[in-house]
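Analysis of the macromolecular model
This is what each chain is made of:
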Amino acid sequence: MKQATYETQAGEQEKAVLVSLVTDKVKRAGADPVHSLEELVALADTAGVSVIGTVMQNLDVPDKKYFVGKGKAQEIRALAEETGADTAIFDQELSGAQVRNLEEALDMKIIDRTQLILDIFAGRAKTREGILQVELAQLSYLLPRLSGHGINLSRLGGGIGTRGPGETKLEMDRRHIRDRITELKRQLEAVTAHRTLHRERRRKAGAVQVALVGYTNAGKSTLLRQLTEADVLAENKLFATLDPTSRNLELPSGKEIILTDTVGFIQNLPHDLVAAFRATLEEAVEADLLLHVVDASSPMLARQMKVVEEVLQDLGAGGKPTMIVYNKIDLSSESALSMMTGGSDTIRVNAFVEQDMARLRVAIEDRILGEVARYRIPASRGDLAALAYRVGEVTDSDTDEDWLLLTVRLNMADMVKSGRELEDFRFMGQ
């Protein structure tokens, strides 16, 4: 029997039916399946897919063979034949066997949420590190599913699910894929070592690092661009930025810090993706301060904040000093804004209003340079005086014979990070 192929001509936009399964487990978890499906629509749009319809099914547990059940599968096929859809995108992760069974039942290309996200990342990756990480995540996802992608892997043309490693690599057997995964991990270790070296140099130089984290499309890249005049992409699309970007940010006192934009988070972020991008996400783990950027206009604001906190916890950055930055306040209602409280650790901004950006710079400085300390340093130790100027704001300086007296506004965590030398000269007198 000749195996079916699903052909997507170059320049031809794929048409997809989006499918979501609501189980008792989802209901107990308090998740919002409607919002998740809306998010899947946005993901499909980001991938360049035209959504022609959505289908939602309620079952106690997923059907082992067809995921949504045989009857619902027949409904999806009828809808596809009526609308001309050539792809079915499922909001949950499918097993290899389920993909194979659904392909046979629907006679369509089958993509799940994880594969869709990986495909978007493959299209967004520009740096060598990003490309390596995406390929590693895609192959890690593919390896246990080889038996379920027979038809999918032999399809012709392009479209979602074909970006990244490419079809030739996707048809490699398990041994070759494992070999490739081992090689990718080796290459990424080298890149990680290079990144760690740069991070250590910044630490020894007393550089303070601040990382922008948050749900995808919350406006992190826009804030980086507005704060630092960085030439970075800022689009109203999910995962507009993939590779981390670092820029110097000058605070009102004249002190410079390093501000880094990181990849956005999303609910049900593929485990393989988190694992592959751990080196990149370490920018958040190693940061002295996290700016958790929140889309103030999102109706799912609380859920999105929780997702970000959970991912940060998984990365080992759960206890980091954090400032909540509610962005897009111009798109939020007054009643919603009144709920966004949190004292000195919270600020509400519109990234396109310069006064708001000025307030944000001051707020960052207040968090970073919080404590005032005095130091009595030997006049011969110019290196220590230079260190004091790097890690803090020197508000007063004087001399006392062979000693230099400095009053410094700083965050003591930065001082510990930069070494104990200066701290040994802390002066408690008047």
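Values in this document were obtained by computation on a predicted structure and should not be read as measured data. (Residues numbered from 1 in each chain as written. Predicted model: local features only at pLDDT ≥ 70, side-chain atom pairs only at ≥ 80, totals over all residues. Heavy atoms only, no water.)

1. Overview of the sheet that holds strand 7 (residues 256-261)
On the basis of which strands lie adjacent, the open sheet formed by six strands has the order 6-7-5-8-9-10 and mixed pairing. Where the open sheet ends on each side, the last strands, each with one partner, are strand 6 (245-250) and strand 10 (346-348). For this sheet the average axis-to-axis angle between neighbouring strands, irrespective of direction, equals 25 degrees. Strand direction decides the pairing type here: strand 6 and strand 7, joined by six bridges, are antiparallel. Paired with Thr245 across the strands is Asp261, a residue of strand 7. Lying on the sheet, helix 15 (residues 354-368) is in contact with strand 5 (209-214), strand 6, strand 7, strand 8 (289-295), strand 9 (322-327) and strand 10; it crosses strand 9 at an angle near 170 degrees. (Pairing = 2+ DSSP bridges. Helix = DSSP H or I, 4+ residues; strand = E, 2+ residues; numbered from the N terminus. Axes fitted to C-alpha atoms, helices over the stretch in contact; angles between N-to-C directions. Contact = heavy atoms within 4.5 Å.)

2. Looking at the sheet that holds strand 11 (residues 371-378)
Taking strand neighbours across the sheet as the criterion, the three strands line up as 11-13-12 in an open arrangement whose pairing is antiparallel. Every interior strand has two partners, whereas the edge strands, strand 11 and strand 12 (393-400), have only one. Neighbour-to-neighbour, the strand axes of the sheet open up by a mean angle of 20 degrees, direction not taken into account. Relative to strand 13 (residues 403-410), strand 11 is paired through eight bridges, and the arrangement is antiparallel. Across the sheet, Arg376 pairs through a bridge with Leu405, a residue of strand 13. The strands touched by helix 16 (residues 382-391) within the sheet are strand 11, strand 12 and strand 13, with strand 13 carrying the most contacts at an inclination of about 15 degrees.

3. Regarding the side chain of Glu39
Considering the arrangement of structural elements, one finds Glu39 in helix 2 (residues 33-46). Separated by 2.5 Å, the side chains of Glu39 and Tyr215 make a polar contact. (Polar contact = N/O pair within 3.5 Å; in protein donor to acceptor, adjacent residues only side chain to side chain.)

4. Notes on the UniProt feature "binding site: Mg(2+)" (unreviewed entry) in the protein chain
With numbering matched to this structure, UniProt assigns "binding site: Mg(2+)" (unreviewed entry) to Ser221 and Thr241. Locating Ser221 in the fold gives a position in helix 10 (residues 220-228). In this structure Ser221 comes out as buried when scored by relative accessible area, which is 11%. (UniProt positions renumbered as here; feature names shortened; annotations may be inferred. Buried < 20%, exposed > 50% of the residue type's maximum accessible area, 1.4 Å probe, protein only.)

5. A word on helix 4 (residues 96-106)
Of all the positions in helix 4, only Gly96, Gln98, Val99, Asn101, Leu102, Glu103 and Leu106 are classed as buried. Positive backbone phi, at 55 degrees, marks Asp107, one or two positions downstream of helix 4.

6. A short note on the pattern of salt bridges
Applying the stated criterion across every chain, the model contains 15 salt bridges. One salt bridge connects Arg180 with Glu135, and the closest N-O pair in it is separated by 2.9 Å. Here Arg180 is found in helix 9 (residues 174-204), whereas its partner Glu135 is found in helix 6 (residues 128-142), with 45 residues between them in sequence. What makes Arg180 partly exposed here is its relative accessible area of 23%. Between Arg367 and Asp345 there is a salt bridge, with the nearest N and O atoms lying 2.8 Å from each other. (Salt bridge = Lys/Arg side-chain N within 4 Å of Asp/Glu carboxyl O.)

7. Focus: the packing of aromatic side chains
Across all of its chains, the model carries one aromatic pair by this definition. Here Phe67 and Phe90 contribute two aromatic rings whose centre-to-centre distance is 6.0 Å and whose plane-to-plane angle is 75 degrees, an arrangement assigned as edge-to-face. One end of the pair, Phe67, is in the loop between strand 2 (50-58) and helix 3 (70-83); the other, Phe90, is in strand 3 (residues 87-90), and 23 residues separate them in sequence. Judged by its relative accessible area of 5%, Phe67 is buried. Residue classification places Phe90 among the buried positions, given a relative accessible area of 0%. If you follow Arg376 out to its NZ or CZ, it ends over the ring of Trp403, 4.3 Å from the centre. (Phe/Tyr/Trp six-rings, centres within 6.5 Å; stacked < 30°, edge-to-face > 60°. Lys NZ or Arg CZ within 6 Å of the ring centre and 35° of its normal.)

8. What about helix 5 (residues 113-124)?
For helix 5, with 12 residues, the first-to-last C-alpha span of 17 Å sits near the 16 Å given by 1.5 Å per residue. Burial of helix 5 is extensive: 11 of the 12 residues sit out of reach of the surface. Where helix 5 is concerned, the buried positions are Arg113, Thr114, Gln115, Leu116, Ile117, Leu118, Asp119, Ile120, Phe121, Ala122 and Arg124. (Expected span 1.5 Å × (residues − 1).)

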